[in-house]
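# Overview (structure and organization)
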Amino acid sequence: MTSQNNPTPKEAWGKLILLGEHAVVYGHTALAGAMDRGIRTTITSESFSGPSRLRVPAWNIDLHSEDCHPVAYAFRAILEKADALGGRAFTIRAKANIAPAAGLGSSAALCVAIARCFSHSLEETTRWANAGEACFHDSPSGVDVALSAQGGIGTYCKTTGFSALSCPSLPLVVALSGVDRSTADMVRGVASRLKANPGLTALLEDIATTTLTGKRALLDGNWEVLGACMNQCQRNLSDLGVSLNTLDTMVATAMNAGALGAKLTGAGGGGAIIALAPGRESEVATALRQQGFTSFITTLGHSE
Ligand code: MEV
């Protein structure tokens, strides 16, 4: 396989989980969508010597595939899966317009965009990107890679994969807490709390039920019910120990500014919140900005 087959920039989207994070790790269904921002990769050079190099200037990353760094491990895993090297070395430049470690699927988007430099099918992209993603998170559910590669809005379950939903794109407010965290640590934390207190599985089951109700509400365009589902999911995630005072404050700010629902998105412990505020997105984004949080309005369900 040669990079000449894929000389054009390759794109991958960031994702937002609307409902169902953490429960999806335990086989339940999540409801999620791709954002209209993500990562674009280009192979900028190819040679016959030296290790391959990955540059992500927006994240201050410039490393080689042999380096001891989680991103280098993921880079190497994808190159190996893709059998891309064949005695050659590549320099890949990634242009990122999503924040890293913020619950927006940045690592999955990077893995998908790298895999796309070499892959010839969605199946290859997904398989290779998942090999890279496993270097960041011990046992990812696969939801981030699926959304990043396929775009749109849909449900994701570990056993059945991604199912696209036919519904209009959804404007959402996103706000960043500025607190970095590791998804792997958050998932491990939930696992140890569940082991210590098996009764907490009821929270995962409630998240699963709420996700299915939210899916129906999304399809019906019933924003009040969808917002209520987001609030219920946030309560469960908080009881599961993955929210933070900062996230709770951000959620309260969004609700006070007129959102119908607001919750952390992704692994929690920092990262981002999302808010559903039909017709009041600007007011909610401004209220969050006034509290010092970076916020923006995005369209969930991006696929071009
Ligand atoms: C991370 O974006 C979502 C989690 O459910 C982990 C996973 O699904 O792998 C917390």
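Residues numbered from 1 in each chain as written. Predicted model: local features only at pLDDT ≥ 70, side-chain atom pairs only at ≥ 80, totals over all residues. Heavy atoms only, no water.

Another point: the pattern of salt bridges. A side chain with one charge can pair with a side chain of the opposite charge if their charged atoms come near. For the structure shown, the criterion picks out eight salt bridges. Note that Arg40 and Glu11 form a salt bridge whose closest N and O atoms lie 3.3 Å from each other. With Arg40 in strand 2 (residues 30–47) and Glu11 in strand 1 (residues 10–19), this pair connects stretches of sequence that are 29 residues apart. On the basis of relative accessible area, Arg40 is assigned to the partly exposed category, the value being 39%. Since its relative accessible area comes to 36%, Glu11 is described here as partly exposed. Close ionic contact of Arg88 with Glu46 constitutes a salt bridge, the shortest N to O distance being 2.8 Å. Residue Arg88 is found in the loop between helix 1 (70–82) and strand 5 (89–96), and its partner Glu46 is found in strand 2; the two are separated by 42 residues along the sequence. Judged by relative accessible area, Arg88 falls into the buried class, the value being 12%. When its relative accessible area of 28% is taken as the criterion, Glu46 is described as partly exposed. (Salt bridge = Lys/Arg side-chain N within 4 Å of Asp/Glu carboxyl O. Helix = DSSP H or I, 4+ residues; strand = E, 2+ residues; numbered from the N terminus. Buried < 20%, exposed > 50% of the residue type's maximum accessible area, 1.4 Å probe, protein only.)

With that settled, the discussion passes to the site of the ligand. Neighbouring the ligand are 13 residues, the closest being Lys15, His22, Val24, Ser141 and Asp144. Take Ser141: an N or O atom from its side chain is 2.5 Å from an oxygen atom of the ligand. One nitrogen or oxygen atom from the side chain of Asp144 is found 3.1 Å from an oxygen atom belonging to the ligand. Contact with the protein chains hides 96% of the accessible area of the ligand, taken as 300 Å² for the molecule alone. Those elements giving two or more residues to the shell around the ligand turn out to be strand 1 and helix 4 (143–150). Of the residues that constitute the shell around the ligand, the class distribution is seven nonpolar, three polar and three charged. (Near = heavy atom within 4 Å. Polar contact = N/O pair within 3.5 Å; in protein donor to acceptor, adjacent residues only side chain to side chain. Areas by Shrake-Rupley, 256 points an atom, 1.4 Å probe, with all protein chains shown as cover. Nonpolar A, V, L, I, M, F, W, Y, C, P; charged D, E, K, R; others polar.)

Right, let's talk about the sheet that holds strand 9 (residues 261–265) for a bit. With antiparallel pairing, the four strands of this open sheet are ordered in space as 9-10-8-11. On the outer flanks of this sheet lie strand 9 and strand 11 (294–300), each paired with one strand and no other. Here the strands of the sheet are splayed against their neighbours by 30° on average, with no regard to which way each runs. Pairing between strand 9 and strand 10 (residues 272–276): five bridges, direction antiparallel. In the strand pairing of strand 10, Ala262 is matched with Ala275. Running at roughly 155° to strand 9, helix 8 (residues 245–256) makes contact with strand 8 (170–176), strand 9 and strand 10 of the sheet. (Pairing = 2+ DSSP bridges. Axes fitted to C-alpha atoms, helices over the stretch in contact; angles between N-to-C directions. Contact = heavy atoms within 4.5 Å.)

Taken N-terminus to C-terminus, the directions of helix 3 (residues 122–136) and helix 4 make an angle of 140°; their axes are 10 Å apart at the nearest point. As judged from the angle between their axes, helix 3 and helix 4 are oblique. In this structure, the crossing between helix 3 and helix 4 has a hand that is right-handed. On the side of helix 3, the interface is formed by Leu122, Thr125, Thr126, Ala129, Asn130 and Glu133, while helix 4 contributes Asp144, Val145, Ala149 and Gln150. By residue class, the composition of the contact of helix 3 with helix 4 is four nonpolar, four polar and two charged. (Parallel < 35°, antiparallel > 145°, perpendicular 65-115°, else oblique. Left-handed = near helix turned anticlockwise from the far one by under 90°.)

All right, on to the packing of aromatic side chains then. Each aromatic ring pair is summarised here by two numbers: the centre-to-centre distance and the angle between the ring planes. Taken as a whole and judged by the stated rule, the model has one aromatic pair. Residues Phe90 and Phe118 carry aromatic rings whose centres are separated by 5.0 Å and whose planes lie at 65° to one another, so their mutual orientation is edge-to-face. Of this pair, Phe90 sits in strand 5 while Phe118 sits in the loop between helix 2 (106–115) and helix 3, and the two are 28 residues apart along the sequence. The buried category is assigned to Phe90, whose relative accessible area is 1%. Overall, the relative accessible area of 1% leaves Phe118 in the buried class. Across the ring face of Phe296, the terminal group of Arg37 is positioned such that the distance to the ring centre comes to 3.8 Å. (Phe/Tyr/Trp six-rings, centres within 6.5 Å; stacked < 30°, edge-to-face > 60°. Lys NZ or Arg CZ within 6 Å of the ring centre and 35° of its normal.)

Looking at where Ser243 falls in the secondary structure, it is placed in the loop between helix 7 (223–239) and helix 8. For Ser243, a relative accessible area of 13% puts it in the buried group. There is a polar contact of 3.1 Å between the side chain of Ser243 and the side chain of Gln234. There is a polar contact of 2.8 Å between the side chain of Ser243 and the side chain of Asp248. Residues within four places of Ser243 in sequence aside, it is in contact with Gln234, Leu237, Ser238, Asp248 and Leu264.

The next subject is the pairing of strand 7 (residues 161–164). Pairing analysis gives four bridges linking strand 6 (residues 153–157) to strand 7, with the strands arranged antiparallel. Opposite Cys157, over in strand 7, you have Gly161 as the bridge partner. Taking the residues between adjacent antiparallel strands as the criterion, strand 6 and strand 7 are bridged by three residues.

Note that all results are geometric; they support no functional claim without further evidence.
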